[in-house]
Amino acid sequence: MKAYRNSKIRKAAATLAFCLAFSGCGAKADEVVTDYGDQEISSEEATSEDVEAFLQADGEDGAVKLDLILNEDFEEGGISYNIFSTYSKETNLNDLKKYTVAKISDSEETEQKIVESIFGDTGKQVKTISNEKAGEFVSFLNKYKTIKSIIEKEPRNKEYDNFECVVNYDEDTVPTPGDAQSYDWVDNENYYIHIYEGQYEGVRFGLMIAYDKVEQARYIYFNPVNIEEYYPGKNFKTVMLRNSVDMNGNPCVGNECTLAPSDVEEQVGTFLSDKLGISDYESELGNDYNSYSMRSRPVMGYVGEEQGNRSENSISQIVFSNSDFAHSVIDYEPTFDMNGVEAKNTDQFPRSVEILAEQDDRIGDALRKEKPFLESLWDPYKYLDWTEELDEKIEYTYDGYALYLNPGFLNNYNPADYSSFSQDYIESAPINSGVVEVTSKGIFGVDIVQMLHVDEAYPARILKADKIKDALIEILKSEDFTGEIGDNDMVFTTGSNLIYYYNESSSIYAPAWDFPIQFMSQKDVKQEAEFEVVFEEPDMHIYVDAETGDLLEVSK
């Protein structure tokens, strides 16, 4: 499926995070959070009659089927309209929330609380990070450059392939053996980047906290200073986050971390709350890795557009490798348990890849020789002039799982849900995103972009389907919409999606219906193959308040 990309759209659009892919996840019981400021949370339940039309069938854990089925043709003012939608999802309506939010503010007190809560009295400032001593701060060097480039609005030096694999790459992305790099603590009028070091669970960890004073965004990065101190004798160089099951749901064999998904969620949630002051409502933990890959720019990442198989909906598992990241990606051959029989199976591109230690820069060498790169990331070796073979087989170690801070993405959505989203939504909307990694030893890594606090959360009540249909028809007839039609005389809705819409004027996230709209003329139809019209991208979106039916935005 082709994702809709439009740089003019700057509103938050994210699928509702009311259903997570594993037991123990989802919205928590309403509570009052006192860490980092009081947050009043209502305990009222959504019981309005307006939702009765959506209650079609009972599901697990109180879930119901949420349906919006529209099929209406009419003409108005010489324009032919076709309204068509078959939205159907199973969810728990009590999990639909309306959030009053506030943007993150710069606070020295908050920064010191984070440092002290993680390191206790062992935390100290690091004025310069460097790998002058081999293996030191390697992951931090790349993250420092990445955060700085995001804040300074530097164009991303990236390559895509047809599968939406992304490589964020520049000439000094990969610290090679003997290649010393260093970066300094920085404070200026637009942003700061601060680095700390201390003991966490008996291991030396680093903590990077940056703040963008213009965009009001906080960046938090937490990792071992030296991977050999976390895993003595392992010689890890690369870490990948990958699916934990294959496309048929068979589990991957051999993870050293025996935690159940609910235990992982508990550890991650506790760390976010107790150490970083990020509440359950501000994290929305889940398995959707798209916002992390888009916003945080790992060295290599994958943006899933069609998550129709179980592998892409599964919890991410952590895979360590003793080789460079290019070889680690291409040589990976996971084994899955297929009803008691261990067997190899197909595996998609890794969700993200990061560098842990100095390593040979295979892809960089090829790029510097002007080898073709576009459309080749799925198989980085098929076009490179590799003259050497690996000296020995790569060793992979499975240890741990990762959860993502989602901006409300539904973790078990079907491909149609992603059609109205774009990279511009995710990169510009005030949402919290990132990843937290847990191994058999405990918390391993944190990479977060924090943009908002939730001040208040209370139940949202959505209108009946017929009221939404009537509201949409009135909007289509209004000047707000007809003024945008131009010379076209045919209007189609190409589906619908229930999203969280951010109302900038009120600082509220609330459920809304997103209706992608396509324009055509009679002349265009005649030029198409007989009765066959293909809609690749909508011409605009209509956003309708799910609680009131009011028009929120007509957006091209």
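Residues numbered from 1 in each chain as written. Predicted model: local features only at pLDDT ≥ 70, side-chain atom pairs only at ≥ 80, totals over all residues. Heavy atoms only, no water.

Grouped together as the largest cluster of nonpolar side chains are 63 residues, with contacts concentrated most on Ile118, Phe119, Leu207, Phe222, Leu272, Leu276 and Ile448. Element by element, the count of residues in this core is highest for strand 22 (residues 396–405), at six residues. Those residues in contact with isoleucine 118, other than ones at most four positions away along the chain, are Gln199, Tyr200, Leu207, Phe222, Phe271, Lys275 and Leu276. Listed in part, the 31 residues of the second largest apolar core include Phe74, Ile83, Tyr87 and Ile473. (Core = buried A, V, L, I, M, F, W, Y, C linked by side-chain atoms within 4.5 Å. Buried < 20%, exposed > 50% of the residue type's maximum accessible area, 1.4 Å probe, protein only. Helix = DSSP H or I, 4+ residues; strand = E, 2+ residues; numbered from the N terminus. Contact = heavy atoms within 4.5 Å.)

Right, let's get into unusual backbone geometry. Despite not being glycine, asparagine 339 has its phi angle at roughly 55 degrees, a positive value. Classification of asparagine 339 by relative accessible area gives exposed; the value is 77%. Even without being glycine, serine 507 reaches a positive phi, approximately 55 degrees. As for its position among the elements, serine 507 is in the loop between strand 27 (497–503) and strand 28 (508–520).

Our focus in this paragraph is helix 2 (residues 138–151). Taking 1.5 Å of rise per residue, the 14 residues of helix 2 would be expected to cover 20 Å, and the 21 Å separating its terminal C-alpha atoms lies within 8% of that figure. With 13 of 14 residues buried, helix 2 is to be regarded as a mostly interior element. Directly after helix 2, the chain includes lysine 153, whose backbone phi takes a positive value near 60 degrees. (Expected span 1.5 Å × (residues − 1).)

On the surface, a cluster of negative charge is made up of Glu76, Asp466, Asp470 and Glu474. The leading source of residues in the negative patch is helix 11 (residues 465–477), at three residues. (Patch = residues over 30% accessible without salt bridge, like charges linked within 9 Å, V, L, I, M, F, W, Y side chains within 5 Å. Areas by Shrake-Rupley, 256 points an atom, 1.4 Å probe, with all protein chains shown as cover. Salt bridge = Lys/Arg side-chain N within 4 Å of Asp/Glu carboxyl O. Lys, Arg positive; Asp, Glu negative; His and termini not counted. Charge placed at Lys NZ, Arg CZ, Asp CG, Glu CD.)

Further remarks concern the confidence of the model for the protein chain. For the protein chain, the average pLDDT comes to 78, and 73% of its residues sit at 70 or higher. Below pLDDT 50 for its whole length, residues 1–61 participates in 189 contacts with residues either more than four positions away or in separate chains. The low-confidence segment residues 529–535 (pLDDT under 50) makes six contacts with residues lying over four places distant or belonging to another chain. (pLDDT = per-residue confidence, 0-100.)

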